[in-house]
Amino acid sequence: MGMFKTAEEFEKVIVGFFNLVADTPLIADKLLKSKMIIRFKYSDPDLIVVIDCSGDKAEVRPHDTDTKEIVEMTMSADIAHRFWFGMVNLTKALTRKEMVAKGPIPKVLKLLPAIKPSYAMYPQYLDANGFEQYNITKAYKPPTA
Amino acid sequence: MGGYAGQILYVNLSSGDIEKKTLDRDFARKHIGGLGFGTQIYLDLIKGNPVFDALSESNPFVLMTGPLTGMKMNGVARWTVCSKSPLTGFWGDSNVGGFFGAYLKFAGYDGIVITGKAKTPSYLFINDETVEIRSAEKYWGKDVYTVTDELKEDLKPESKKPGQVLTIGPAGEKLIKFASLINNKGHAAGRTGMGAVWGSKMLKAIYVSGTGKPEIAHPEKFDDLRKELKEVYEESIGIAAIHAAGTATHMDVGIISGDIPIKNWQMTDWDQIDDIGPTEIEEKIFAGHKTCYGCGVACKKNAQVKDGPFKMEKGPGPEYETIATFGTMCLNSSIESIAKANDICNRYGMDTITCGSTIAFAMECFENGLITEEDTDGLSLTWGNSEAIVKMVEKIAKQDGFGAILGQGSQKAAEHIGGNASDFLTTVKGLEAPMHDPRSAHGYGLAYAISPRGACHEASLTFEAEGGMIYIPEIPELSADLPEGSDERAQLNVVAQDYGMFFSNCAIFCNLGGMPLNATQALNMVNYVTGFEYTLNEVMEIGRRVWYLKRGMTNLFGARAEDDRLPKRLMTVMEDGPTEGSLPDMDKMLAEFYELRGFNADGIPTKNILENVGLPDLAELLNTA
């Protein structure tokens, strides 16, 4: 069992964060320039999310199995979660197939500088949206009555 | 004998004698090739008189290929050189790709041992069985690109097939301590100043042309392996990345973990880093792909700057280490100037890591008032001054004014400058650290500290293992999930040295082009080519012996425990960024490492351990030194 007990809970966390990223011009402008369409296939729990940067606005679409992706990234929900804290050694994760990427990989790697600011945003987003228990950068303290 | 050409050339430049010695099968099996051959031959040559200056005629120079060099396979074009380093005074070696090694084997030689010193500028001509020492008066003083083109053109009529040139530039002739050897204009044996060793011997170049081909012991098995590996390479993300963008791809990845040193190792993040990353490189200077012999990975990239102050013709472009030393280290966001600095280093024959790091060091001295424009011949060595950086590279190459000071490397320059200049050094054993920060991965810190040739990320496979580039499931330490911090790094280093000596020093796989290979695949390749049927245990033992031999040689040249330390700059805690608060626990790692390797308190392997690994001669030498 991973960190997220249900797909619904993971979806709330990750889709909410992707929407925040998509609404952050510092990052979104660079993503849109790439015209990239990425399908994330998560496991434990299972979830599919497409980020479509091919139009005028970055769109985040959970459960989208129809859109033809340019790159597909497959990983566990836990790896994805740790990645957004900047805690995953990307080289190692790809070498050991903890992350599997299909498609033009160099194009994905070029997005890394663009998404760098999001690592600092993720823990703040978790805290600000009632997901403190998933903020692994600090010891979680349950709210007192 | 599969994989080997079967002969080693011995060239005495003092006497002019040239001898071809048959490669002994038992010797080949015991040492595999590359630095396995090189270290043993070097030791045998110097053990009668191990005290000499690196730039004297007593310092031999050994160039060796491996059993795979010259095979049409990804990641096996490499070959090695070794000698005493003029930069550090300790053991020196370098590992290089390109075409020269393959062509040397086609000519019928597994390696070349050069001793003595020529009276006048000379080059070595090799055309199959014809081997001659010839006058290089015509080429002396000329740059690497010119000599490469002229020698190929001049010797074409005498060669059955087009040849390859390995040469020094003016930097080697002027004995610049970090002068390099360069094949095909861009494949450099860069580190530790092997070019100055050639310069001291008045050896300008080696030209080689050959018509033979080494045999493969089990060609059908080799072909099957090639087919198996095709899929492995197609699936490798790392290979796809370096094929597309070269090693510069690390600019995007390394910045996340704080691996890239910035402003002479004082920062781990910089808002202008994207200006010198792969995207900008592709848009501004990319001029096509390059490769080494027989390798489809093609991680090398050409560059061209069409106009402006850093205009340069199409030629080999800067790799990651070069982009970082002349870029992030100097807060220089002009990719064109980095390409130009690289071009100058290639033409004059200088190591870009030491050159760039030494300039970054000088910039910090300038910032702190230890040197002024009066010292630097009017150059304002302020951070990010791209024109000053390029001009200083030229001054170093020409040994002009302050360039002659920096041409000694940063450690010697710090002695000259005085004050607290040594606080800004990034050297271990006199060699400037490569562009990977041990504060982001503590095992690198130990790797730099105990590397026989000085701070080096390729002296073992620690960088590749801890950094995640390789995964070797057959070896627990090279496939473990390491805990955060400094725990288990000593054991990692030991195993990464043993396997690394086999993998990239003796069999001479490329650490980049060979990164998708597991141990079984690597071993099978060596076995199918040589027919030796090594086991993994056996090659680990050979690797261990070679590592102790290199370490012992550096001890023999004077290195002691106090030299196994990281400089203050690399041991300064970062107050923010990805490596905030992270420092390698060097005392703990060194103590564990010394225990595992059987070192005494002086940092010297005990007599017992050296005898156990099969080095009684070295044990005797160190015991009486």
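Residues numbered from 1 in each chain as written. Chains lettered and ligands numbered in written order. Predicted model: local features only at pLDDT ≥ 70, side-chain atom pairs only at ≥ 80, totals over all residues.

K.L.:
I'd like a description of the sheet that holds strand E1 (residues 37–43) of chain A, backed by residues and values.
P.N.:
Residue and element names in this part refer to chain A. Taken in spatial order, the 5 strands line up as E3-E2-E1-E4-E5 in an open sheet, and their pairing is mixed. If you trace the sheet from one side to the other, it starts and ends with strand E3 (59–62) and strand E5 (99–102), each paired once. Direction aside, the axes of adjacent strands within the sheet are offset by 15° on average. In this sheet, E3 lies alongside strand E2 (residues 47–52) in antiparallel orientation, the contact comprising 4 bridges. By the bridge assignment, Val49 is partnered in E3 with Pro62. Sheet strands in contact with helix H1 (residues 7–22) are E1, E2 and E3, and its direction is about 10° off that of E2. (Pairing = 2+ DSSP bridges. Helix = DSSP H or I, 4+ residues; strand = E, 2+ residues; numbered from the N terminus. Axes fitted to C-alpha atoms, helices over the stretch in contact; angles between N-to-C directions. Contact = placed C-beta atoms within 7 Å.)

K.L.:
I'd love a proper account of the pairing of strand E6 (residues 111–115) of chain B, names of residues and values included.
P.N.:
Residue and element names in this part refer to chain B. Within E6, 4 of the 5 residues are buried, which leaves the element mostly enclosed by the surrounding structure. Both strand E1 (residues 7–12) and E6 contribute to a ladder of 5 bridges, which runs parallel. In the strand pairing of E6, Val11 is matched with Ile114. Relative to E6, strand E3 (residues 61–65) is paired through 4 bridges, and the arrangement is antiparallel. Across the sheet, residue Met64 finds its bridge partner in E6, namely Gly111. (Buried ≥ 20, exposed ≤ 12 C-beta atoms within 10 Å, placed from the backbone.)

K.L.:
For the sheet that holds strand E14 (residues 300–305) of chain B, give the residues involved together with the corresponding values.
P.N.:
Strand pairing in a sheet relies on backbone hydrogen bonds. The paired strands run either parallel or antiparallel. Residues and elements named next belong to chain B. The strand order across the open sheet built from 3 strands is E13-E14-E15, with neighbouring strands paired in antiparallel fashion. The sheet is open, and its two edges are formed by strand E13 (286–290) and strand E15 (312–316), each paired on a single side. Across the sheet, the axes of successive neighbouring strands diverge by a mean angle of 15°, strand direction being ignored. Pairing of E14 with E15 involves 3 bridges; the strand directions are antiparallel.

K.L.:
Describe the domain arrangement of chain B, naming the residues involved and giving the relevant values.
P.N.:
All names here are of chain B. By the assigned domains, chain B splits into domain 1 (7–209), domain 2 (262–425) and domain 3 (442–624). Taken over C-alpha atoms, the centre of domain 1 sits 27 Å from the centre of domain 2. Taken together, the contact between domain 1 and domain 2 spans 33 residues of the former and 25 residues of the latter. Within the residue set of the side of domain 1 that touches domain 2, elements represented by two or more residues are helix H4 (144–155) and helix H5 (170–173). Of the residues forming the side of domain 1 that touches domain 2, the biggest block, 3 residues, is contributed by H5. Here the side of domain 1 that touches domain 2 is built from residues that sort into 15 nonpolar, 12 polar and 6 charged. (Domains from an automatic or database assignment. Nonpolar A, V, L, I, M, F, W, Y, C, P; charged D, E, K, R; others polar.)

K.L.:
Explain helix H22 (residues 586–597) of chain B to me, and be specific about the residues and the numbers.
P.N.:
Because the α-helix completes a turn every 3.6 residues, residues three or four places apart line up on one side. All names here are of chain B. In this model, H22 (12 residues) spans 16 Å end to end at C-alpha, consistent with the 16 Å of a helix rising 1.5 Å per residue. Three or more residues of H22 are buried, namely Met586, Met589, Leu590, Glu592, Phe593 and Arg597. Angular distribution of buried residues about the axis of H22 spans 165°; they occupy a single face of the element. Exposed residues pointing more than 90 degrees away from the buried face of H22 are listed as Asp587, Ala591 and Glu595. Buried positions along H22 lie against helix H17 (442–450) and helix H19 (489–506). (Expected span 1.5 Å × (residues − 1). Arc of directions from axis to C-beta.)

K.L.:
Lay out the packing of helix H13 (residues 352–367) of chain B against helix H16 (residues 410–417) of chain B in plain terms, naming residues and giving numbers.
P.N.:
All names here are of chain B. Between H13 and H16, the least distance of the axes is 10 Å, while the angle of their chain directions is 25°. If you check the angle between H13 and H16, you find them roughly parallel. For the pair H13 and H16, the crossing hand works out as right-handed. Note on element contacts: H16 touches H13 through Ser410, Ala413 and Ile417, opposite Ser357, Thr358, Phe361, Ala362 and Cys365. (Parallel < 35°, antiparallel > 145°, perpendicular 65-115°, else oblique. Left-handed = near helix turned anticlockwise from the far one by under 90°.)

K.L.:
Just give me the short version of the environment of B:Ala561, but keep the residues and values in it.
P.N.:
Residues and elements named next belong to chain B. Position of Ala561 relative to the elements: it lies in the loop between helix H21 (536–556) and H22. In sequence terms Ala561 and Ile604 are 43 residues apart; their C-alpha atoms lie 7.7 Å from each other. Apart from the residues within four sequence positions on either side, Ala561 is in contact with Ala601, Asp602 and Gly603.

K.L.:
Residues and numbers for the nonpolar core, please.
P.N.:
One recurring pattern in soluble globular proteins: nonpolar side chains tend to sit buried together. By size, the foremost hydrophobic cluster in this structure holds 247 residues, and its most contacted members are B:Ala205, B:Ala362, B:Val393 and B:Ala507. Excluding anything up to four places from it in sequence, B:Ala205 contacts B:Tyr123, B:Ala136, B:Tyr139, B:Val147, B:Leu151, B:Val165, B:Leu166 and B:Thr167. (Core = buried A, V, L, I, M, F, W, Y, C linked by C-beta atoms within 7 Å.)

K.L.:
Kindly report on the interface of chain B and chain A, identifying the contributing residues and their values.
P.N.:
At the junction of the two partners, chain B supplies 21 residues and chain A supplies 16 residues. Residue assignment for the side of chain B that touches chain A shows that the elements contributing at least two residues are helix H8 (237–245), helix H9 (250–257) and helix H10 (278–284) of chain B. Looking at the side of chain B that touches chain A, the element that brings in the most residues is H8(B), giving 6 residues. Among the residues making up the side of chain B that touches chain A, the classes are represented as 12 nonpolar, 7 polar and 2 charged.

K.L.:
Can you break down unusual backbone geometry residue by residue, with the values?
P.N.:
Omega for the peptide link from A:Asp44 to A:Pro45 comes to 0°, which places this bond in the cis form. Positive phi, normally seen in glycine, also occurs at B:Lys263, with a value near 55°. By the secondary structure assignment, B:Lys263 is in the loop between H9 and H10. When the 18 C-beta atoms within 10 Å are taken as the criterion, B:Lys263 is described as partly exposed.

K.L.:
Describe the packing of helix H12 (residues 335–348) of chain B against helix H14 (residues 386–398) of chain B, and please don't skip the residues or the numbers.
P.N.:
All names here are of chain B. With their axes 9 Å apart at the nearest point, H12 and H14 run at an angle of 5° to one another. With respect to H14, the element H12 is oriented roughly parallel. For the pair H12 and H14, contact is made by Ser337, Lys340, Ala341, Ile344, Cys345 and Tyr348 and by Ser386, Ile389, Val390, Val393, Glu394 and Ala397, respectively. Among the residues making up the contact of H12 with H14, the classes are represented as 8 nonpolar, 2 polar and 2 charged.

K.L.:
I'd like a description of the environment of B:Ser460, backed by residues and values.
P.N.:
All names here are of chain B. Mapped onto the fold, Ser460 is located in the loop between H17 and helix H18 (462–467). For Ser460, a count of 30 C-beta atoms within 10 Å corresponds to the buried category. Along the primary structure Ser460 and Ala447 are separated by 13 residues, whereas in three dimensions their C-alpha atoms are 7.4 Å apart. For Ser460, the residues in contact, after removing those within four places along its chain, are Ala447, Asn493, Ala496, Gln497 and Gly500.

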